[in-house]
Amino acid sequence: MERSHTWRSKTLVDVLLRHQPGVLEQAVLILGAGSLIGLLAQVALRLPFTPVPVTLQTAGVLLAGALLGWRRAGLALLTYLGEGLAGLPVFAGGASAWTPSTAGVPEIIGPTAGYLGGFFLAAVAVGWCTEQGWDRSLKQSLFSMSVGEVLIYVCGLTWLARFVGIAHVIPLGLLPFIPGDIVKMVAVATLLPLGWKLQAALHR
């Protein structure tokens, strides 16, 4: 029974490594995940009617949580946000925390700042779900990803409303992004159970 609990507490990355990662390996995983999110943020499409861009970084956030677990995923997101605060162009479209936003204030307090905070909470939540074993089937994985997406939108829309008003926050901050986010969420959710099946097949 105890062995089963220990197994279920491991992420796919932990199992693939087949040993307890050392401090250096942990740091590489955290920095690598933060860098991946920053790279995916560069794939950005600005829509003319909303200050919120379409990016791929949501997929990176969900994937980081699913593969690293809540502690390392949280540290990866703090690393990513720290890079932006340090002036590195890791936010959407090559912006840093101090790049002027569409509202004329720095990005870190601009219209999309709530989504950045939501990324941290989403990565931690998805990581926690993964450590409960909720990435072994597509249904469980989709549930975990959905929790992350809800947290991103709750934080993002709450902050965005300060700039566009409550009446406009849904059409400007949610509806245009639902189709793309569903695709990203399903893609990440599908990869996880497939990864577990591949791992099991390789180590029979």
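Throughout what follows, the structure given in this document is the object of discussion.

About the criteria used
- Starting afresh in each chain, residues are numbered from 1 along the sequence in its written order.
- pLDDT decides what is reported in this predicted model: residues at 70 or higher carry local features, side-chain atom pairs at 80 or more are listed and counted, and totals for whole chains, interfaces and linings draw on all residues regardless.
- To get the side-chain values, take all heavy atoms of the structure and skip hydrogens and water.
- Counted as salt bridges are all cases of a side-chain nitrogen of Lys or Arg within 4 Å of a carboxyl oxygen of Asp or Glu.
- Helix numbers and strand numbers start at the N terminus; a helix is a DSSP run of H or I with at least 4 residues, a strand a run of E with at least 2.
- For each residue, the accessible area found with a 1.4 Å probe, counting protein chains only, is set against the maximum for its type, and the residue is called buried under 20%, exposed over 50%, and partly exposed in between.
- Note on definitions: the grid is 1 Å and covers protein atoms alone; a cavity is a set of points where a 1.4 Å probe fits but cannot get out; a pocket is an open set with protein on both sides within 12 Å along at least five of seven lines; lining residues have an atom within 4 Å of a point.
- Grid points are joined across faces, edges and corners, and a volume is the space filled by probe spheres set on the points.
- Amino acid classes used here: Ala, Val, Leu, Ile, Met, Phe, Trp, Tyr, Cys and Pro are nonpolar; Asp, Glu, Lys and Arg are charged; the rest, including Gly, are polar.
- Think of a polar contact as two N or O atoms within 3.5 Å of one another; within protein, one of them needs to be a possible hydrogen donor and the other a possible acceptor, and neighboring residues in sequence only count if both atoms come from side chains.
- The contact criterion used throughout is that any non-hydrogen atoms of two residues lie within 4.5 Å.
- Fitted lines through C-alpha atoms give the axes, limited to the stretch in contact for helices. The angle between two N-to-C directions lies from 0 to 180 degrees.
- The labels follow the angle: roughly parallel below 35 degrees, roughly antiparallel above 145, roughly perpendicular from 65 to 115, and oblique for the rest.
- When the centres of two rings from Phe, Tyr and Trp lie within 6.5 Å, Trp using its six-membered ring, the rings pair. Their planes under 30 degrees apart give stacked, over 60 give edge-to-face, and anything left gives tilted.
- A ring is scored as having a charge over it whenever the NZ atom of a lysine or the CZ atom of an arginine sits within 6 Å of its centre and within 35 degrees of its normal.
- Two cysteine sulfur atoms make up a disulfide if the distance between them is within 2.5 Å.
- In these notes, a set of buried Ala, Val, Leu, Ile, Met, Phe, Trp, Tyr and Cys residues joined through side-chain atoms within 4.5 Å is what counts as a nonpolar core.

## Quick notes on the pattern of salt bridges
Per the counting criterion, the structure on display carries 4 salt bridges. With its nearest N and O atoms 3.0 Å apart, the salt bridge here joins Arg-72 to Asp-14. Here Arg-72, found in helix H4 (residues 57-85), pairs with Asp-14, found in helix H2 (residues 12-17); they are 58 residues apart in sequence, far enough to count as distant. Considered together, Arg-72 and Asp-14 belong to a single accessibility category, that of buried residues. Across the pair Arg-71 and Glu-131 runs a salt bridge, and its minimum N-O distance is 3.7 Å. With Arg-71 in helix H4 and Glu-131 in helix H5 (residues 113-131), the pair connects residues that are 60 residues apart, well separated along the chain. For Arg-71, a relative accessible area of 51% corresponds to the exposed category. A relative accessible area of 17% means that Glu-131 is categorised as buried.

## Remarks on the layout of surface pockets
In this structure, the largest pocket encloses a volume near 390 Å³. If you go around the largest pocket, you meet 28 residues; those closest to its centre are Val-52, Pro-53, Thr-55, Gln-57 and Phe-119. For the lining of the largest pocket, the secondary-structure elements that each account for two or more residues are strand S2 (54-55), H4, H5, helix H6 (138-164) and helix H8 (178-202). Top contributing element to the lining of the largest pocket by residue count: H8, with 4 residues. Tallied by class, the residues present in the lining of the largest pocket amount to 17 nonpolar, 6 polar and 5 charged.

## Here we look at the side chain of Gln-26
Looking at the secondary structure, you find Gln-26 in helix H3 (residues 23-40). A distance of 2.9 Å separates the side chain of Gln-26 from the side chain of Arg-72, its partner in a polar contact. The contacts of Gln-26, once residues within four sequence positions are left out, are Gln-20, Pro-21 and Arg-72.

## A few points about the packing of H3 against H4
H4 packs onto H3 with a crossing angle of 85° between their chain directions and a minimal axis gap of 7 Å. The angle between H3 and H4 places the two elements in the roughly perpendicular class. A breakdown of the residues in the contact of H3 with H4 according to their chemical character gives 15 nonpolar, 6 polar and 2 charged.

## As for the packing of aromatic side chains
Under the defined criterion, the tally for this structure stands at 4 aromatic pairs. For the ring pair Trp-128 and Trp-134, a centre distance of 5.5 Å and an interplane angle of 80° mean the geometry is edge-to-face. Among the residues examined, Trp-128 registers a relative accessible area of 42% and is labelled partly exposed. Among the aromatic residues, ring-to-ring pairing joins Trp-128, Trp-134 and Phe-143 into one connected group. For the cation-ring pair, Arg-136 lies above Trp-196, with the distance from its terminal atom to the ring centre recorded as 3.8 Å. Positioned above the aromatic ring of Trp-159, the side-chain terminus of Arg-162 is 4.4 Å from the ring centre.

## Comments concerning the state of the cysteines
As enumerated under the stated definition, the model contains 0 disulfides in all. The structure places no disulfide on Cys-129, whose sulfur is separated from the nearest cysteine sulfur, that of Cys-155, by 15 Å. Of the residues examined, Cys-129 reaches a relative accessible area of 3% and is grouped as buried. A relative accessible area of 22% means that Cys-155 is categorised as partly exposed.

## Description of the nonpolar core
Where a protein is soluble and globular, its nonpolar side chains tend to be buried together. Counting 33 residues, the largest nonpolar core has Val-61, Leu-77, Tyr-80, Phe-91, Tyr-115 and Phe-119 as its most contacted members. When residues of this core are assigned to their parent elements, the largest contribution, 8 residues, is made by H4. Not counting residues up to four positions away in its chain, the partners in contact with Phe-119 are Gln-57, Thr-58, Val-61, Leu-77 and Ile-152. Of all hydrophobic cores here, the second largest spans 9 residues; its members include Ala-59, Ala-66, Val-126 and Ala-189.

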